[in-house]
Amino acid sequence: MSRIKEDLICEIIRLSQTNLLDKKCANMSCETQEQVAVDWIRKNAADYRVDFHSRLDVCSASRLGEILKDITDTGKDLNDILEEIESSTVHRD
């Protein structure tokens, strides 16, 4: 895998995790947000990275760029983005 593609995947996952935690913690106090974030990271972050890394690894660098732009522009996480991609692919068949 090229270094550029690897960097894109890492940035997509990092931003996706940030967006996901922002959504989870949106209406919580600062203290609660911190605790929820720490708990989620401790319990889920590694599996999240491994799962999405393998799913994104099949994408081209240009497709990864599109996904990164979408995550950046919309604040969505990878679950939302990939679900939309998969449902649009199914509807085209």
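Every chain is numbered on its own, with residues counted from 1 as its sequence reads. It should be noted that, the model being predicted, local features are given only for residues of pLDDT at least 70 and side-chain atom pairs only at 80 or more, the latter also being counted only at that level, while totals for whole chains, interfaces and linings use all residues. For the side-chain quantities, the full set of heavy atoms in the structure was used; hydrogens and water were omitted.

A.B. asks: Help me understand the overall build of the protein chain in this model?
C.D. replies: In terms of regular secondary structure, the protein chain is built from four helices and zero strands. Runs of E in the DSSP output that reach at least two residues are strands. Runs of H or I that reach at least four are helices, and both are numbered from the N terminus. For the protein chain, the sequential pattern of α-helices and β-strands runs α-α-α-α. The dimensions of the protein chain, computed from C-alpha atoms along their principal axes, are 45 × 30 × 20 Å. The cut-offs for exposure are 20% and 50% of the maximum accessible area for each residue type, with area from a 1.4 Å probe on protein chains only; residues under the lower value are buried, those over the upper are exposed, and the others partly exposed. The 93 residues of the protein chain split such that 29% are buried. The long-range fraction of contacts in the protein chain, counting pairs at least 24 apart against all pairs at least 6 apart in sequence, stands at 68%. The contact criterion used is simple: two residues touch if any of their non-hydrogen atoms lie within 4.5 Å.

A.B. asks: Please explain helix H3 (residues 61-74) as it appears in this structure.
C.D. replies: One turn of an α-helix holds 3.6 residues; hence residues three or four places apart share an orientation. Between its first and last C-alpha atoms H3 spans 20 Å; for 14 residues at 1.5 Å apiece the expected length is 20 Å, and the two agree. Turning to H3, its buried residues are Leu64, Ile67, Leu68 and Ile71. Buried residues in H3, looked at end-on, bunch into an arc of 100°, giving them a common side. For H3, the exposed residues lying more than 90 degrees away from the buried face are Ser62, Lys69 and Asp73. Here a helix's expected span is defined as the number of its residues, less one, multiplied by 1.5 Å. The directions considered for the arc are those from the helix axis to the C-beta atoms.

A.B. asks: Mind showing me how you'd approach the side chain of Gln17 here?
C.D. replies: Along the chain, Gln17 falls in helix H1 (residues 3-24). Since its relative accessible area comes to 13%, Gln17 is described here as buried. Any N or O atom pair separated by 3.5 Å or less is treated as a polar contact, with the protein-specific requirement of one donor-capable and one acceptor-capable atom, and with residues adjacent in sequence counted only for side-chain atom pairs. Looking at Gln17, its side chain comes within polar contact range of the main-chain oxygen of Ala45, at 3.5 Å. Aside from chain neighbours lying at most four places away, what touches Gln17 is Trp40, Ala45, Tyr48 and Arg49.

A.B. asks: For this particular structure, what's the right way to read the side chain of Asn19?
C.D. replies: Positionally, Asn19 belongs in helix H1. There is a polar contact of 3.3 Å between the side chain of Asn19 and the backbone oxygen of Ile71. A polar side-chain atom of Asn19 sits 2.7 Å from the main-chain carbonyl oxygen of Lys76. Contacts of Asn19, omitting those with residues within four sequence positions, involve Ile71, Gly75, Lys76 and Asp77.

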